[in-house]
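Okay, here's what each chain looks like letter by letter:
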Amino acid sequence: MLKNLLTYIQEEHVAEQLYHSLIGIEIEEHRIDNHGRLSQLPYPQNLGSRRYHPYLQSDFSESMNEIITDPNPNIGGVLDQLDTLQTVLTRSIDKSEAFWPLSMPPAMNAEDKEFIKKHFGRPAYAKYRDYLTDKYGVARKIITGVHVNFSIPEPVINRLYVHYRDQFKSLVEFKNELYFQLAQNFVLHRWLLTYLFGASPIAEKGFFSGKTPEQLSHPVRSIRNSIYGYVNEPEDKVDTTIYASLDHYINGLNSAIDDHELYSKAEFYGPVRLRGQELIKDYRTKGISYLEFRVLDNTPFTPNGLSRHAMYFLKFFLVYLLVTPVDHENIADDLQQSFADNNQVALENPDQVTFKKAEGIKIFTELISMAKSLHAHSEQLQALDDFSEVITHPELTASAMLLKHIKNDSLMDFGVTVAKKRRAQRLGAPTLLPSMGNISFDAQRLIFHAIQLGIRYYVVKDEDGESLITLTYDNVTQVVYTDKVGKVEPLTYLYDLFPGIKKAAEQDKI
């Protein structure tokens, strides 16, 4: 157990570094047609190959786009990049399409499901995808959400390790303990995120093949985070108790895969995934590099699907979970109880006070106290104060705010209206990439086409304060000053910089 961690963070003066832990976002969104039906148009041909694209991918269905940001220490930076990627994607799809703003998919019929089954443009994943279709059906596999990746700065880990050398044999062992304590606490406190960010109150027509479950006869906080959402089957033997220890996590996943209960580690749908190693067993010796948190619903009330305020809260909440000791004596029972509590919160009426209200108030009292002790900035404290109000005012949650938009047991009209409005706002912006309005149009245009092709980009300043763009593909990096881009033809210029990318794109079409 990591005792006195908060004290050591204060003694080592690493709070600010810890707050600047790297964070990355992955958001899934469906392309829809003008009527709100899942798009049957092929994946955009003007985007680079999904075999290597670092930012724009697709998931289970061809309509299900995935946007992946780079890790960034600054919330503003990661949200700006998310906005840029979403803008590029919006400008790359057909003019008849828009993006569905909710986690639960739009209404569908048997023909829609059959179309999804038969149309899939990633041959390398076809066998796995057929397996998932047979096991889970189409509907559950096209629920979308927001994943957040989080890594603690290595200098912070090194400084804190000094205080625990007698307790751990190696730095890797200590780092694993840090990350796994955070993962366990995240699972134990998952209900709070379901309460605050749940935004999937109903299932549209066609989601359930048979009769709608009795527990969903009324709107709820989050179908996605309930037992009816994106979860493993009970017989998969990877329930919440898999987080009882790192060894239990490693052995449990390997056993499930070896016994063919899971196809691979990708089929593990727990609320947290350990990340950084290809082989699960290597976490013991090489260590956890970062964590992937997988419980946030798409928020339809912000253009990016996730608000800046939410990110401020989330970063401090993760620090709170990191420094909170875990009681290992009854950990398996506590984890099982946390699963039951989360499901109960997920299935509550959105506009009613949660049964976990008292615990929520206690958590926010401790969270705000910790933030003040770490000298949090005013905007950060404001976010914590605002979310603390939501515990006692359920009408402020996204799920409750959606209630007034439900018409005839459906959010279709609302979803289509929001989707079209967002598309119009992005296409009608006064500049090509609004989050990059401080650089020239020609530089924006170059970045736009680089993103389309699948070239990784960064905009940085040199020692003289001049803005420059670094472009990277296949481990080759080129540097371009923004004020020297000029009136070049972007695709020709990029193909000249990276001859291999054109050849790769041509091979992808064979």
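None of the values given here were measured: they were computed from a predicted structure.

Across all of its chains, the model carries 25 salt bridges by this definition. Glu 292 is the salt-bridge partner of Arg 275, the closest N and O atoms lying 2.6 Å from each other. Highlighted residues: Arg 275 in strand β6 (residues 272-275) and Glu 292 in strand β7 (residues 290-296), separated in sequence by 17 residues. Arg 275 gets classed as partly exposed once you look at its relative accessible area, which sits at 27%. Residue classification places Glu 292 among the buried positions, given a relative accessible area of 2%. Shared partners join several salt bridges into a network, and the residues in it are Arg 273, Arg 275, Glu 292 and Arg 294.

With that settled, consider the sheet that holds strand β9 (residues 467-473). What the three strands build is an open sheet, ordered β8-β9-β10; its pairing is antiparallel. Across the chains shown, the open sheet's two edge strands, defined by having one partner strand only, are β8 (456-461) and β10 (476-481). Direction aside, neighbouring strands of the sheet carry axes that sit 20 degrees apart on average. Here β8 runs beside β9; their pairing, made up of six bridges, is antiparallel. Counterpart to Val 459 in the pairing with β9 is Ile 469.

Together, Asp 327, Glu 329, Asp 333 and Asp 334 make up a negatively charged patch on the protein surface. Structurally, the position occupied by Glu 329 is in the loop between α12 (308-323) and α13 (331-346). On the basis of relative accessible area, Glu 329 is assigned to the exposed category, the value being 69%.

Our focus in this paragraph is empty space enclosed by the protein. If you walk through the whole model with that rule in mind, you get five cavities of 30 Å³ or more. Size it by volume and the largest cavity reaches roughly 110 Å³. Every element with two or more residues in the lining of the largest cavity is listed here: α3 (75-92), β4 (98-99) and α17 (412-427). Among the elements that take part in the lining of the largest cavity, α17 stands out by supplying four residues, more than any other. Considering only residue class, the lining of the largest cavity consists of five nonpolar, two polar and four charged. The computed volume of the second largest cavity comes to approximately 50 Å³. What lines the second largest cavity is Trp 100, Leu 102, Met 104, Ala 199, Ser 200, Pro 201, Ile 202, Glu 204 and Leu 411. Taken together, the residues that form the lining of the second largest cavity break down as seven nonpolar, one polar and one charged.

Counted by the stated rule, this structure contains 27 aromatic pairs. Taking 6.2 Å as the distance between ring centres and 80 degrees as the angle between the ring planes, the aromatic pair formed by Phe 180 and Tyr 249 counts as edge-to-face. Separated by 69 residues along the polypeptide, Phe 180 in helix α8 (residues 171-188) and Tyr 249 in helix α10 (residues 246-258) bring together distant segments of the chain. The two residues Phe 180 and Tyr 249 agree in class, both being buried. Clustering of aromatic rings is evident, with ring pairs tying together Phe 197, Phe 313, Phe 317, Tyr 320, Phe 364 and Phe 387. Its end group placed over the ring of Tyr 43, Arg 50 keeps NZ or CZ at 4.0 Å from the ring centre. Here Lys 484 stacks its cationic end above the ring of Tyr 481, 5.2 Å away from the centre of that ring.

This part covers the domain arrangement of the protein chain. Along its sequence, the protein chain is carved into domain 1 (5-420) and domain 2 (439-508). Spacing between the C-alpha centres of domain 1 and domain 2 amounts to 31 Å. Contacts between domain 1 and domain 2 engage 17 residues on the former and 14 residues on the latter. Per-residue buried area on domain 1 facing domain 2 is highest for Tyr 52, Tyr 55 and Val 88; these three make up 35% of the total on that side. Taken together, the connections running from domain 1 to domain 2 amount to one salt bridge. Between domain 1 and domain 2 we count seven residue pairs in polar contact (both at pLDDT 80 or more) in total. Take the side of domain 1 that touches domain 2: its biggest share by element is six residues, from α3. A breakdown of the residues in the side of domain 1 that touches domain 2 according to their chemical character gives seven nonpolar, seven polar and three charged.

Parameters and conventions
Residues numbered from 1 in each chain as written. Predicted model: local features only at pLDDT ≥ 70, side-chain atom pairs only at ≥ 80, totals over all residues. Heavy atoms only, no water. Salt bridge = Lys/Arg side-chain N within 4 Å of Asp/Glu carboxyl O. Helix = DSSP H or I, 4+ residues; strand = E, 2+ residues; numbered from the N terminus. Buried < 20%, exposed > 50% of the residue type's maximum accessible area, 1.4 Å probe, protein only. Pairing = 2+ DSSP bridges. Axes fitted to C-alpha atoms, helices over the stretch in contact; angles between N-to-C directions. Patch = residues over 30% accessible without salt bridge, like charges linked within 9 Å, V, L, I, M, F, W, Y side chains within 5 Å. Areas by Shrake-Rupley, 256 points an atom, 1.4 Å probe, with all protein chains shown as cover. Lys, Arg positive; Asp, Glu negative; His and termini not counted. Charge placed at Lys NZ, Arg CZ, Asp CG, Glu CD. 1 Å grid on protein atoms, 1.4 Å probe; cavity = no way out; pocket = protein on both sides within 12 Å on 5 of 7 lines; lining within 4 Å. Points joined across faces, edges and corners; volume = space filled by probe spheres on them. Nonpolar A, V, L, I, M, F, W, Y, C, P; charged D, E, K, R; others polar. Phe/Tyr/Trp six-rings, centres within 6.5 Å; stacked < 30°, edge-to-face > 60°. Lys NZ or Arg CZ within 6 Å of the ring centre and 35° of its normal. Domains from an automatic or database assignment. Contact = heavy atoms within 4.5 Å. Buried area = accessible area lost by both parts, 1.4 Å probe. Polar contact = N/O pair within 3.5 Å; in protein donor to acceptor, adjacent residues only side chain to side chain.

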